[in-house]
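One-letter residues, chain by chain:
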Amino acid sequence: MKTPSPRTVAFISIISAILNIFYGLFSVLGSIVTLSPTGVAICVYLALFGVLQLGSELKVKVLRQYFLFLYHHTLKGLFCILVGTLAAILGGTGWVFFLVQVFIGLFHIFFSKQTPDTEMTIDSSAVAAKATSYMAKQSVKAATTPGPSQI
């Protein structure tokens, strides 16, 4: 079986993100008509997850810093399955969307197993340095902020 190219995988991710956005937005309308506040909340989440996924494919720098799991194919596949599960909770056409998202999620997991060299490596020393600098800033901020007894 031929391994898909990274360009093909990116295309499928973009299609998945656009599906998330449109399904979430159109389902919001249906949930508003049926007066289902829980359905509206889930639909808004689905649309936001689609925006998040689309942003990761368009290489938005902030997402690379805070949503690292979107740059790892196995975790992105599990994220797609999670989004599909949320859609299945809505019922109706959510089950079709669930099956599409499970297929896309399994595709990502399959791709990561076929080409492990495309997985993003995490530089643990850089992460540790970033965490240390953040903690140092927080401790300086705490030391310079007057407490209730110092006012």
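Up top you'll find the structure we're talking about.
Notes on the structure in this doc start here. No experiment lies behind these values; they were computed from the predicted model shown.

## What about the overall build of the protein?
Summing up its helical and strand segments, the protein has six helices and zero strands in all. If you list the helices and strands of the protein from N to C, you get α-α-α-α-α-α. Residue pairs in contact within the protein that sit at least 24 positions apart in sequence constitute 67% of those at least 6 positions apart.

## A closer look at the nonpolar core
Core analysis: the largest hydrophobic core is formed by 12 residues, namely Tyr23, Ile42, Leu46, Phe49, Leu52, Leu63, Leu70, Tyr71, Phe79, Val83, Ala87 and Phe97. Broken down by secondary-structure element, the contributors of at least two residues to this core are α2 (37–57) and α4 (73–90). Counting residues per element, this core draws most heavily on α2, at four residues. Leave out the neighbours within four places in its chain, and Ala87 touches Tyr23, Leu46, Gly94 and Phe97.

## What to know about the packing of helix α1 (residues 6–33) against α4
At a minimum axis distance of 12 Å, the contact between α1 and α4 shows a crossing angle of 25°. Taken together, the axes of α1 and α4 are roughly parallel relative to one another. Between α1 and α4 lies a crossing of left-handed hand. Each of Val9, Ser13, Ser16, Asn20, Tyr23 and Ser27 in α1 lies in contact with α4, whose residues at this interface are His73, Lys76, Cys80, Val83, Ala87 and Leu90. Split by residue class, the contact of α1 with α4 holds six nonpolar, five polar and one charged.

## Some remarks on the packing of α2 against α4
Close contact between α2 and α4 brings their axes to 10 Å; oriented N to C, the two are set at 160°. Considering the angle they form, α2 stands roughly antiparallel to α4. Read as a crossing pair, α2 and α4 show a hand that is left-handed. Facing α2, whose interface residues are Gly39, Ile42, Cys43, Leu46, Phe49, Leu52, Gln53, Ser56 and Glu57, α4 presents Lys76, Phe79, Cys80, Val83, Leu86, Ala87, Ile89 and Leu90.

## Notes on the environment of Ser13
With respect to the helices and strands, Ser13 occurs in helix α1. As a C-alpha pair, Ser13 and Gln53 span 40 residues in sequence and 7.6 Å in three-dimensional space. Setting aside chain neighbours within four positions, we find Ser13 in contact with Gln53, Glu57, Lys76 and His108. A distance of 2.8 Å separates polar atoms of two side chains, one belonging to Ser13 and the other to His108.

## Regarding the pattern of salt bridges
Across all of its chains, the model carries one salt bridge by this definition. A salt bridge links Lys76 to Glu57, with the nearest nitrogen and oxygen atoms 2.2 Å apart. In this pair, Lys76 sits in helix α4 while Glu57 sits in helix α2, placing the two residues 19 residues apart along the sequence. The same class applies to Lys76 and to Glu57, which are both buried.

## Brief notes about the environment of Gly50
By the element assignment, Gly50 lies in helix α2. Under the relative-accessibility criterion, Gly50 is labelled buried at 0%. With 26 residues separating them in the primary sequence, Gly50 and Gly24 have C-alpha atoms 8.3 Å apart. If near-sequence neighbours (up to four positions away) are discounted, Gly50 is found in contact with Ala17, Asn20 and Ile21.

## Thoughts on α1
When the terminal C-alpha atoms of α1 are compared, their 41 Å separation across 28 residues agrees well with the 40 Å that a helix rising 1.5 Å per residue should span. Burial in α1 covers these residues: Val9, Ser13, Ser16, Ala17, Asn20, Ile21, Tyr23, Gly24, Ser27, Val28 and Ser31. Looking one or two places after α1, you find Leu35, whose phi comes out positive at around 55°.

Reading the values: the criteria
- Residues numbered from 1 in each chain as written.
- Predicted model: local features only at pLDDT ≥ 70, side-chain atom pairs only at ≥ 80, totals over all residues.
- Heavy atoms only, no water.
- Helix = DSSP H or I, 4+ residues; strand = E, 2+ residues; numbered from the N terminus.
- Contact = heavy atoms within 4.5 Å.
- Core = buried A, V, L, I, M, F, W, Y, C linked by side-chain atoms within 4.5 Å.
- Buried < 20%, exposed > 50% of the residue type's maximum accessible area, 1.4 Å probe, protein only.
- Axes fitted to C-alpha atoms, helices over the stretch in contact; angles between N-to-C directions.
- Parallel < 35°, antiparallel > 145°, perpendicular 65-115°, else oblique.
- Left-handed = near helix turned anticlockwise from the far one by under 90°.
- Nonpolar A, V, L, I, M, F, W, Y, C, P; charged D, E, K, R; others polar.
- Polar contact = N/O pair within 3.5 Å; in protein donor to acceptor, adjacent residues only side chain to side chain.
- Salt bridge = Lys/Arg side-chain N within 4 Å of Asp/Glu carboxyl O.
- Expected span 1.5 Å × (residues − 1).

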